[in-house]
Amino acid sequence: MCGRYVMSKATGDLLSHFEAKEVEGSPPPPSWNVAPTQSVPIVAERLDEGTIDRHLLIARWGLVPSWAKDIKIGSKLINARSESILEKPSFRKAAVKRRAIVPAEGYYEWQKTEDGKKIPNYLYSEKEPLLGFAGLYEWWADPSLPEDDPGRWLLSCTVLTTTTQDALGHVHDRSPVIIPRDRFAEWLDPDLTDKNAVRHLLESLPEPTLIPRIVSPRANSVRNNGPELIEPVEPAAT
């Protein structure tokens, strides 16, 4: 799963890396401990003056389906199992119409030990300064607000996960689906609306090469933030 990650890059770096045209919304401050329900940047293809352009949008992490009665459901939908997104009511429409990329520098996972402890690991790529998590997004209208209220519409997102196949399985059995840089356009393509084609795309993605390192238990709390959270520590120190 993915329940906490790092996103500290400047907006300009994100626009450049993901070849996005502009920003919609107010970007959140740099964070080394992004948590569910917080505002996060996502990348999506948008129709702009008759042409499709790639934009950087600001969304709430935790997808709120369009049919939801209230926002609370979002805290339970921060992740979506990639194997079932085309069937689950919460995700199936977004899977063919509203796919996104969630930029991240790396993410945290907690490794369970035999004595019941959970050791925080930071997983990242040595080759890529930015990762692109496969995501979905959705728009939700708050029924408690009038139709002309500019705050009525909420943009929210979820991160897709898959079974961990490589050596990282010892850390956790689920991991984010990561879109390689040379396949960003394929994943974001608004013309890709066939369920079987989306399924094939997901199944064809290569296994990412990530490096885990044990970090400070300060990463356990969402109240802590800062670059020191991803610094390596000796196992005995945890």
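Residues numbered from 1 in each chain as written. Predicted model: local features only at pLDDT ≥ 70, side-chain atom pairs only at ≥ 80, totals over all residues. Heavy atoms only, no water.

Caption draft 1: View of a positive patch on the surface. On the surface, Arg-92, Lys-93, Lys-97 and Lys-195 cluster together to form a positively charged patch. The element best represented in the positive patch is helix H2 (residues 92-97), accounting for three residues. Inspection of the secondary structure assignment puts Arg-92 in helix H2. For Arg-92, a relative accessible area of 38% corresponds to the partly exposed category. (Patch = residues over 30% accessible without salt bridge, like charges linked within 9 Å, V, L, I, M, F, W, Y side chains within 5 Å. Areas by Shrake-Rupley, 256 points an atom, 1.4 Å probe, with all protein chains shown as cover. Salt bridge = Lys/Arg side-chain N within 4 Å of Asp/Glu carboxyl O. Lys, Arg positive; Asp, Glu negative; His and termini not counted. Charge placed at Lys NZ, Arg CZ, Asp CG, Glu CD. Helix = DSSP H or I, 4+ residues; strand = E, 2+ residues; numbered from the N terminus. Buried < 20%, exposed > 50% of the residue type's maximum accessible area, 1.4 Å probe, protein only.)

Caption draft 2: Main features of the nonpolar core. Tyr-5, Ile-42, Phe-133 and Trp-187 are the most contacted members of the largest nonpolar core, which totals 54 residues. Broken down by element, this core gets its largest block of residues, five residues, from strand E10 (residues 131-141). With residues near it in sequence (within four places) discarded, Phe-133 still touches Cys-2, Tyr-5, Ala-100, Ile-101, Val-102, Ala-104, Tyr-107, Val-159, Pro-176, Val-177 and Ile-178. By size, the runner-up hydrophobic cluster in this structure holds 10 residues, among which are Val-6, Tyr-108, Tyr-122 and Ala-219. (Core = buried A, V, L, I, M, F, W, Y, C linked by side-chain atoms within 4.5 Å. Contact = heavy atoms within 4.5 Å.)

Caption draft 3: Geometry of the pairing of strand E11 (residues 153-163). In terms of burial, E11 is a largely internal element, eight of the 11 residues being buried. Bridge count for E10 against E11 is seven bridges, and the pairing is antiparallel. When the sheet's bridge partners are listed, Leu-136 is paired in E11 with Thr-158. Where E11 lies against strand E12 (residues 174-176), three bridges are found, and the strand directions are antiparallel. Considered in E12, the bridge of Thr-163 is made with Arg-174. (Pairing = 2+ DSSP bridges.)

Caption draft 4: Geometry of the pattern of salt bridges. This model, assessed by the stated rule, comprises eight salt bridges. The salt bridge partner of Arg-46 is Glu-24, with a shortest N-O separation of 3.1 Å. Of this pair, Arg-46 sits in strand E4 (residues 39-48) while Glu-24 is found in strand E2 (residues 22-24), placing the two residues 22 residues apart along the sequence. Residue Arg-46 is classed as partly exposed on the basis of its relative accessible area of 23%. With its nearest N and O atoms 2.9 Å apart, the salt bridge here joins Glu-138 to Arg-98. With Glu-138 in strand E10 and Arg-98 in the loop between H2 and strand E7 (99-104), the pair connects residues that are 40 residues apart, well separated along the chain. Neither Glu-138 nor Arg-98 differs from the other in exposure class; each is buried.

None of the figures reported here should be taken as evidence of function without further support.
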